[in-house]
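# Understanding the architecture of this molecule
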Amino acid sequence: MCKKQESRNRFLVPSPLVQNPQIPTYTHSSPIYTHKLSVSVHRSFSMYKSLILAILLLISCFEASCSITTGSRSLLRAVNTNAQDHTNFAIDLNSTSFDAVLKDTPATFAIVEFFAHWCPACRNYKPQYEKVAKLFNGANAVHPGLILMVRVDCAEKINSNLCDKFSVDHYPLLLWGPPSQFVSGSWEPKKENSKIISIDDGRTADRLLKWINKQMGSSYSLDDGKYENEHVLSNLSDPGQIARAVYDIEEATSMAFNLILEHKMIKSKTRASFIEFLQLIVAHHPSRRCRKGSANILVNFDDLCPSDILSGKKQECMTSGPITLSNSHICGSEVPRGYYMFCRGSNNETRGFSCGLWVLLHSLSVRIEDGESQMAFSATCKFIHNFFICEECRQHFYEMCSSVSNPFNSTRDYALWLWTAHNNVNSRLMKEEASQGTGDPKFPKMMWPPKQLCPSCYLQSPQSDAENQIDWDQNEVFKFLASYYGNTLVKLYKDKELLGEAGSDKAVIDDLATSTNALVPLGAALAIALASCAFGALACFWRSKQKNRKYLYLHSLKSI
């Protein structure tokens, strides 16, 4: 353990340039001396040219090292991408990125290590901390989305106030708590009822993981492989688990958009159906960042994918240029993250995208107004029919859509139809997975919702898993759907400002306005300012020399 000490900043002041007294001053106006002066000017210009090139290189270095956006996931990716040491799994933060990253993380808990780079104990502890961070941090983590592990260097002056707020008096100091408690928060060792607590026994990777397991009631191991010893959330009696699916909906939305672009599925016949579904998610997607991203695409869609291009010989949208659909982010640059949380299966081949897409459709069905029910039905059916790649699933869904004879007039009718359609799909897949043995043993297909989640949805106990043998109370089912995929889905993350009220045009407009603000890194700004000054000095120098040359030349003409 290292005691905290005051850091001292020492500034290196370069020696001032001294003019060379040996350089002679020519007063003769002959062409010989004029030529020598030109050579002197040329050498001076070469010297300044080298200086300018060095400054430009300095700008490039600053841009490469400092251009990290404020968005937390972009920050994490930038840190991990630029890092030369690929064994770093814990995220290094400072006072400018600390709140943004912890506010935006989907993780349930966070561990913050406060350290000092000069502390030998901290350097020795880093490999131990990284072993545990490897289990939880990043898309390739064994158990992603549960714990965010970060580090803050208190020896850096920029972090002094942040470390003081959390009462850092020794290194390394490990603090544990919900990420939201760290945002604009503080910690005192003797503060009662604090949700942030100090990890008092984490000096090795084994001891730290043992402390985590005791805190969470888990049994994680440093030897865990991906999807081994997996602690997926399968407690059906806990309706609050659906709140974690907000991130899965973002993941599924982004993946669907990327698949559409990858397979070049937007053509003259499908363009209108894509726009129709885009309008639906702009208004009612449960994620604010997806409403913002889809609104950006919708506003610029005629430029990104003009109808006249699709109707001509070229049947694809724009794929080249500074602004294209391929470099647009429907849920922001932070998504996709590469993993699912609520929709994560017990192995890599189950649940995931299909689960996230179903949750998205159910959430849209309960967020629309009565007058939008038919539009939502039509947009959803066309979207699945035109853009869902699984042929058998797409055809089955299309058949269910085609069987509807009367238009929908209420949110209730459409939400119950989608619920029935989902149970029909589950019924078909139950038989197929049972015969092929391809189902997820921890998440077998069933009629939804199960009685553990909604006992009032059942008029009598079901005799089997077959839907046609369950006597449903559809009024209670709709109440459950509206609550489960409505308020319960979003309530836990409203305080993170990821979500806003559905249909809030002002929120989208504000987001669109703020998204255009560009941040210039401090280092790059200083380098640019230095370069500007150097260019100005060079211009003044060159102008004065040109005047001298003109004067000498004219004077020599008079002497002839």
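The following refers to the structure shown. (Residues numbered from 1 in each chain as written. Predicted model: local features only at pLDDT ≥ 70, side-chain atom pairs only at ≥ 80, totals over all residues. Heavy atoms only, no water.)

Attention now goes to the overall build of the protein. A tally of helices and strands in the protein yields 19 helices and seven strands. Burial analysis of the protein (560 residues in total) assigns 44% to the buried set. Long-range contacts, defined here as pairs at least 24 residues apart, represent 72% of the contacts in the protein between residues at least 6 apart. Surface exposure of the protein reaches about 30400 Å², of which carbon and sulfur atoms provide 54%. (Helix = DSSP H or I, 4+ residues; strand = E, 2+ residues; numbered from the N terminus. Buried < 20%, exposed > 50% of the residue type's maximum accessible area, 1.4 Å probe, protein only. Contact = heavy atoms within 4.5 Å. Areas by Shrake-Rupley, 256 points an atom, 1.4 Å probe, with all protein chains shown as cover.)

Glancing now at unusual backbone geometry. In the segment running from V335 into P336, the intervening peptide bond is cis, with an omega of 10 degrees. Positionally, P336 belongs in the loop between α12 (307-311) and α13 (353-367). Following W448, the chain continues into P449 via a peptide bond in cis, with omega recorded as 0 degrees. Mapped onto the secondary structure, P449 falls in the loop between α16 (411-436) and α17 (474-491). Of note, S167 is a non-glycine position whose phi angle comes to about 55 degrees, a positive value. Looking at where S167 falls in the secondary structure, it is placed in the loop between α5 (160-165) and β5 (170-171). Notably, S184 is not glycine yet its phi reads approximately 50 degrees, a positive angle.

A few words on the pairing of strand β3 (residues 109-115). Burial of β3 is extensive: six of the seven residues sit out of reach of the surface. Pairing of β3 with strand β4 (residues 147-153), which is carried by seven bridges, proceeds in the parallel orientation. Its bridge partner being in β4, V112 is matched across the sheet by V150. Here β3 pairs with strand β6 (residues 173-177) via five bridges, running antiparallel. When the bridges of β6 are listed, A110 appears paired with G177. (Pairing = 2+ DSSP bridges.)

In this section: the nonpolar core. Within the largest apolar cluster, 76 residues are counted, with the highest numbers of intra-cluster contacts made by V359, F397 and W417. No other element matches α16, which puts ten residues into this core. Beyond its immediate stretch of four places on either side in the chain, W417 contacts F377, C381, F397, M400, C401, V404 and F408. Listed in part, the 30 residues of the second largest apolar core include L93, F114, C119 and C163. (Core = buried A, V, L, I, M, F, W, Y, C linked by side-chain atoms within 4.5 Å.)

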